[in-house]
Amino acid sequence: MGSGRDEKIELEHEAARIFMRLYERRFGIKMRHIWHNEPRRPDVSCYYDDQKLDLEIAHLYGSEAEAMHILGRELSPHTHRELLTLMRMPAEARLVAALNSLLASKAEKRYDSERVWLVIRNANPLWTKDEMLAHFPKLHLPKQHPFEQVWVIGDMAGESGLLALFPPQHQPAPPKKRD
């Protein structure tokens, strides 16, 4: 088995490939050829309609305990207790808290890049794209951040598609009120 760094790079590349395929299918704009970057630059670079674009990749697990469980890691008794405690909290509350925490953390980063998009891949099978959409108004991207666009891949395989978080013109329409 490879190192943790190798696994992280493979997960990032896989997420980038899924995102590029979904984006191209949705907008008809070619995204091609990815390569991995060193720290100080976003994780992956590609060509977006023949222009260089950098992608910062993040995986949404919820918590370290959930990440270890989802990735099939052996859980210590402490981590197992933490996971059981988390499971008592409503899934939607954990979703909003985890996604807002991830957005706040990534917003603080600075990159040596002209164009950066943040791509978040939902790795938690308890959360769906539809649930994220339902809680969209509770999500908060800090005003100061380095991202031109922010996208969420709804599940690990990308089967549920993409959800745009930023900029506003890519966001979903608010649910219509019923009379």
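Residues numbered from 1 in each chain as written. Predicted model: local features only at pLDDT ≥ 70, side-chain atom pairs only at ≥ 80, totals over all residues. Heavy atoms only, no water.

Trainee: Help me get a handle on the overall build of the chain, residues and values and all.
Mentor: Helices and strands together make up the secondary structure of the chain, namely five helices and six strands. Across the chain, helices and strands are ordered from the amino to the carboxyl terminus as α-β-β-β-α-α-α-β-α-β-β. Long-range pairs, those at least 24 residues apart, make up 61% of the contacts in the chain with a sequence separation of at least 6. Of the roughly 10,600 Å² of accessible surface on the chain, a fraction of 53% belongs to carbon and sulfur atoms. (Helix = DSSP H or I, 4+ residues; strand = E, 2+ residues; numbered from the N terminus. Contact = heavy atoms within 4.5 Å. Areas by Shrake-Rupley, 256 points an atom, 1.4 Å probe, with all protein chains shown as cover.)

Trainee: Can you lay out the side chain of Asp155 for me, pointing to particular residues and giving the numbers?
Mentor: Structurally, the position occupied by Asp155 is in the loop between β5 (149-153) and β6 (162-166). The buried charged residue Asp155 lacks any salt bridge, with Arg121 as its nearest oppositely charged partner at 7.6 Å. In terms of polar contacts, Asp155 uses its side chain to reach the backbone amide nitrogen of Glu159, at 3.0 Å. Among the polar contacts listed, one links the side chain of Asp155 to the side chain of Ser160, at a separation of 2.5 Å. When residues no more than four places from it in sequence are discounted, the contact partners of Asp155 are Arg121, Asn122, Ser160 and Gly161. (Buried < 20%, exposed > 50% of the residue type's maximum accessible area, 1.4 Å probe, protein only. Lys, Arg positive; Asp, Glu negative; His and termini not counted. Salt bridge = Lys/Arg side-chain N within 4 Å of Asp/Glu carboxyl O. Polar contact = N/O pair within 3.5 Å; in protein donor to acceptor, adjacent residues only side chain to side chain.)

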